[in-house]
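# Residue-level structure breakdown
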Amino acid sequence: MELLATGCYFCPMTSSITHRLGDLHCGYRGRISALSPQDAHSSISADELESRLLELGFVEGAEICVLHEAPWGRDPIAVRVDNMTIAIRRREAMAILVEDSSS
Amino acid sequence: MTTTQLDTLRIALVGTPNCGKTSLFNALTGSRQRATNYPGVTVEKKSGRFTTADGKVLTAIDLPGTYSLRGRSPDEAITRDMVLGRVEGEDRPDLLLCVADATNMRLTIRLALELKRTGQPIMLVLNMMDLARHRGIGIDMQGLQEMLGMPVVTAVAIRTGGTAELLAALDERLRSPAPEAGPSLWEAPTSAQVREDQIKADAILRACVTPPKKPDTLTTRFDAIALHPVFGMMLLLAVLFLMFQAVFTGAQPLMQGLQSAFEFLGQIVRETVPEGLLQSFLQNGVIAGVGSVIVFLPQIVIVFLFILVLEDFGYMARAAFLMDKIMGGAGLHGRAFIPLLSSFACAIPGIMSARVVDQRRDRLTTILIAPLMTCSARIPVYTLLISAFVPDHSIWGVINLQGLVMFGLYAAGIFSALAVSLAAKLIMWRHQPPSPFMLELPDYKLPRLKSVAIGIYTRAMNFLERAGTTIFAMMVLIWFLASFPQPPEGASDPAIAYSLAASIGHFIEPVLAPLGFNWQISVALVPGMAAREVAVAALGTVYSIEGGKEASAEIAQMLAQNWSIATGLALIAWYIFAPQCASTLAVIRRETGSAWWMLLTFVYMLALAYVAAFATYRIACAFGLG
C-alpha cells in the first residue's frame, strides 16, 4: 500500500502472530485483524468502545503503524491508521488486535 | 420543504473535527456571522449569511464537528438534532453540506453515508482541493458522485474565490425547485452499522481515489520532533514560555500607547471641565476606570493569537497527546488540555469549551479547575503588583526577573489545578473510572490569517463588551462609594476616609488582617468580585482619590510606597486562587446546571486563597519583608 508508506520510516519485520496494539512500540507496522473491546478494561462499555474505535477508522483490514509514544510511561501512543494519525491510550488500544502486514 | 422560499435556503455545514469546516464557513460568510446559543442548551450556534453569484442570500449554519450522529456530547447531540430537525424553534436545514478534507476523506465519507440515511438533501464538499492536487491525490469526482449518490463539489476555503464552484453549485440547485427531503431511515448506528459504513466508505475511496504521489512528509518530519519524548516536551515548554514572555514584554509598547491616550483624555477633562464632582467623576471614575482595563487588551490579543494559531496549526492536539499521561494521572482527560489552555485567556470560554470533554465526570473536573488557570483578567493585577514589588532585574542578562515571577505564577496556577483535580479524583470520583482518550492528530496546516483574525476579533469584542458594561458599572459604583458621603468642611484626612468605601473596608478588614491586607485592599476586593481586573482600577480609584490632585503618579509607585513587600506578595498569592469573578461563577452555574458546583468552586477557591495569602505573608514577614 502506497498510503502506508507515508508514515513509516522504520518498520522492522516481526513474527507473524497476533498482537494487541496496546502492547506495541514505535515502528510496528501491521494490519487490524479484529476488535475485541471486551478485553480492554476501558471505562466505557465494550459496545461503546467498539463504536468509537470504528468511528476513528480502526476497522478490520486497516493498515496501522505505531508512530510515537508519549514521553511519560510511553502512553498514549500515536498510531497511523490508513492515512490519518490517532492518539490513543494503551488501555483502549488493547481492544485492537493486529497482525503483521507481511503475513 | 417544497414550500421553502428559495432565497432563504438554510444550509448546515456538517463534518468531522479538523475537516476545515469552520474555515469554509469563514470563507463563505466572512464577518457576516454571529454566535448565539441554541435554545435551552449552551452550545454555541454560529450562523451567517452569504450571497451567491445569482445574488441569492443564503444562511449558513456551522454545526459542531462530529464523527457520527450518535450524539455523545451536548455539541454532537445538537448536530444530530439540527440535522434531524429536532431542535425546538429551529427549522430543519434545507441542505446539508458535508465538508470533507480532500486529503483525508475516510471518516467523512462514512459520515456522509450516515447523513444520507436521514433523507435530507445533501451535498459533499471536498475542501482543501489545492493541497490534494499538490500532493498528487487523484479523485474521480464522477465516480464519487455515483457511488455516494450525492452531488460532490470542490472548494479551497483558504483562497480568495476558492468557494466559486460551491456557490455555482448552490445557484444551480436554486434554479430548480428545492428537492424534497426523503423519509428518514436514520437510527442511532450500532457498532455493526458503523463497521459496515466504514467498510463501504473504504471501498468507495479505493475505487475513486488514488493515493498521493507526494505524500505529506512535512507532518511526519515535524512530528518526529514535536512528539519526541525529549525534544517534544522541550518544544512544548518553549512554546508556553515564549507565549508568556510575549504576553508580558511584547505588549508593552501598545499598552503604553493606550495609557498615554487615556492620560491625554484625562488631561482634556481636567482642562475643560470645572473642578468639582463632575470632573472627579469623569477623570477618576470613567476615564481612569475604563482606561485601566482597556489598556490590557494587547495582552489578551496576544494570548488568543497564540492559542488560535496553535489550534489552526494542529499543535494543540499534539500538546494534548504529550500531556495526556500527566493530565490522566491527575484525573483529567487529555482533551481537557485545550479547554484549560483556553482558560489562560479567560476561564469563561475555557469552561464553555469543556464541552469537548464528553464524559460528565471529566467535564465537571475540568470546569472545577479551569478558574485556577491564570486568566487574562489576572494579568492586570499581576502586572501591577509585580511591577510594584518585584525588581526589574535581568538574570544572566536575558531572563527578566519580573517575567520569571509571572511564569512562576502561571506554574502555580497549573500545579494547583492538577492538585485540585487529583483531590477531586480521590474524593468525588472514587467509584468512577476515567474515560478513554482518543484524539485525531490532524496534519499540520499553515494557520489562516483570516480565521485567526476573526477569532481574535470576536474575543477582543467580548472582552471590550465586559469592560464597557460590567466593569464600567463597577467603576462608577466604586467611585460613588469612594466619594460619598463627602468630607465635612475643613476635614484634615483625605476625602475617602469619610466615604462608604472606608466603612466597608474597615468592616471586612479584621478578617483579612492576618493576610497583611489593609483596608484599601479590603475595599478593592469587594468590587473586585465583579471581575479580577476591576481590583486594579479600584485600587487606583481608592488611592488616587486619597492622593488628591497629585494622583497622576503611577498606581504601582503608590502601592510600593504604601504597602510592605509581604503584603504585596500576599495579595499576589491571593489572586492565584481567589474566586474573584462573578461571571465565571455564573458560567459554571449555567454549564453544570447546578448552583452546587458554583458554590463548591467558590468555597474551595476562597479557602485556597486565604491559606496561600496567609502562608505567603507569614513567610515573607519571617524573611524580614513585613
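Scroll up to find the structure.
The structure reproduced in this document is the subject of the present report. These numbers come from a predicted model, not from an experiment.

## Quick notes on the interface of chain A and chain B
- Taken together, the contact pairs 43 residues of chain A with 46 residues of chain B.
- Interface of chain A and chain B: buried area, both sides summed, is about 3900 Å²; carbon and sulfur atoms make up 59% of it.
- The largest share of the area that chain A buries against chain B comes from A:Glu55, A:Trp72 and A:Arg89, three residues that together contribute 19% of it.
- At the junction of chain A and chain B, the tally comes to 6 salt bridges.
- One salt bridge in this structure joins B:Lys325 and A:Asp75, with 3.4 Å as the shortest N-O distance.

## Thoughts on unusual backbone geometry
- For the peptide bond that leads from A:Asp75 to A:Pro76, omega is 0°, which places it in the cis range.
- With respect to the helices, strands and loops of the structure, A:Pro76 is situated in the loop between strand S3 (63-69) and strand S4 (77-81).
- Despite not being glycine, A:Asp82 has its phi angle at roughly 55°, a positive value.
- Structurally, A:Asp82 can be placed in the loop between S4 and strand S5 (84-88).
- Residue classification places A:Asp82 among the buried residues on the basis of a relative accessible area of 16%.
- Even without a glycine there, the phi angle at B:Met128 is positive, about 60°.
- Within the fold, B:Met128 resides in the loop between strand S6 (122-127) and helix H4 (129-134).
- The buried category is assigned to B:Met128, whose relative accessible area is 9%.

What counts and what doesn't
- Residues numbered from 1 in each chain as written.
- Chains lettered and ligands numbered in written order.
- Predicted model: local features only at pLDDT ≥ 70, side-chain atom pairs only at ≥ 80, totals over all residues.
- Heavy atoms only, no water.
- Contact = heavy atoms within 4.5 Å.
- Buried area = accessible area lost by both parts, 1.4 Å probe.
- Salt bridge = Lys/Arg side-chain N within 4 Å of Asp/Glu carboxyl O.
- Helix = DSSP H or I, 4+ residues; strand = E, 2+ residues; numbered from the N terminus.
- Buried < 20%, exposed > 50% of the residue type's maximum accessible area, 1.4 Å probe, protein only.

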